[in-house]
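Single-letter residue listing:
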Amino acid sequence: QVQLVESGGGLVQAGGSLRLSCSVSGLTFSTYVMGWFRRAPGKEREFVAAITWSGGSTYHADSVKGRFTISRNNAQNTVYLQMNSLKPEDTAVYYCATKKLWTDIVNSRDYAYWGQGTQVTVSS
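Residues numbered from 1 in each chain as written. Predicted model: local features only at pLDDT ≥ 70, side-chain atom pairs only at ≥ 80, totals over all residues. Heavy atoms only, no water.

**Q** I'd like to hear about the pattern of salt bridges, residue by residue, with values.
**A** Here the structure, examined in full by the defined rule, presents four salt bridges. Note that aspartate 90 is salt-bridged to arginine 38, the shortest N-O span being 2.9 Å. With aspartate 90 in the loop between strand S8 (78-83) and strand S9 (92-99) and arginine 38 in strand S4 (residues 33-39), the pair connects residues that are 52 residues apart, well separated along the chain. With a relative accessible area of 6%, arginine 38 lands in the buried category. Its salt-bridge partner being aspartate 62, residue lysine 65 comes within 3.1 Å of it at the nearest N-O pair. In this structure lysine 65 comes out as partly exposed when scored by relative accessible area, which is 49%. We classify aspartate 62 as exposed; its relative accessible area is 64%. (Salt bridge = Lys/Arg side-chain N within 4 Å of Asp/Glu carboxyl O. Helix = DSSP H or I, 4+ residues; strand = E, 2+ residues; numbered from the N terminus. Buried < 20%, exposed > 50% of the residue type's maximum accessible area, 1.4 Å probe, protein only.)

Laid out in structure tokens, this is it:
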């Protein structure tokens, strides 16, 4: 059974930092692309970042570029999202997800497995 479990969310002041983790089990982690998405209240789910199987390539949404960094540790079956310089508009539930191919990575419909999400709230 495939499981993705996010952690690390919480309440932080604007300008602060958080590091999200997503622990994956039930599949060969190193053969899957990993992505982070978020959904703010009343908004559509939004792509945040993705990383290739080895971690050699990453892609970040323009809205988080320069502030957020995706990384992974294949030995620990974990993907991370380091979030710095947080803004109130970053408030959302953050989800990790996985897919096989490095194609159309911003499209959430292509991701096969999802975590339950972790809440990030940024106060002004």
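**Q** Quick one: what's the story with the sheet that holds strand S3 (residues 18-25), residue by residue and with numbers?
**A** The strands that make up a sheet pair up through hydrogen bonds in the backbone, lying either parallel or antiparallel. Read from one edge to the other, the open sheet built from four strands follows the order S1-S3-S8-S7, with strand pairing classed as antiparallel. A strand with exactly one partner marks an edge of an open sheet, and here the two such strands are strand S1 (3-7) and strand S7 (68-73). Taken over all neighbouring pairs, the strand axes of this sheet differ in orientation by 15° on average, direction set aside. (Pairing = 2+ DSSP bridges. Axes fitted to C-alpha atoms, helices over the stretch in contact; angles between N-to-C directions.)

**Q** An account of the environment of glycine 56 is needed here, citing residue identities and associated values.
**A** Its place among the elements puts glycine 56 in the loop between strand S5 (46-51) and strand S6 (58-60). A C-alpha to C-alpha distance of 17 Å links glycine 56 and glutamine 76, two positions 20 residues apart in sequence.

**Q** Account for the side chain of arginine 67, with residues named and values stated.
**A** For arginine 67, the location among the structural elements is in the loop between S6 and S7. Once you skip the residues sitting within four places of it in the chain, arginine 67 turns out to touch Gln82, Met83, Asn84, Ser85, Leu86, Lys87 and Asp90. (Contact = heavy atoms within 4.5 Å.)

**Q** Can you explain the pairing of S7? Please cite residues and give values.
**A** Of the two faces of S7, only one is covered, namely that formed by Phe68, Ile70 and Arg72; the face formed by Thr69, Ser71 and Asn73 stays uncovered. Taking the residues between adjacent antiparallel strands as the criterion, S7 and S8 are bridged by four residues, where asparagine 77 takes a positive phi near 50°.

So, to be careful, I would describe these as geometric facts and stop short of saying anything about function.
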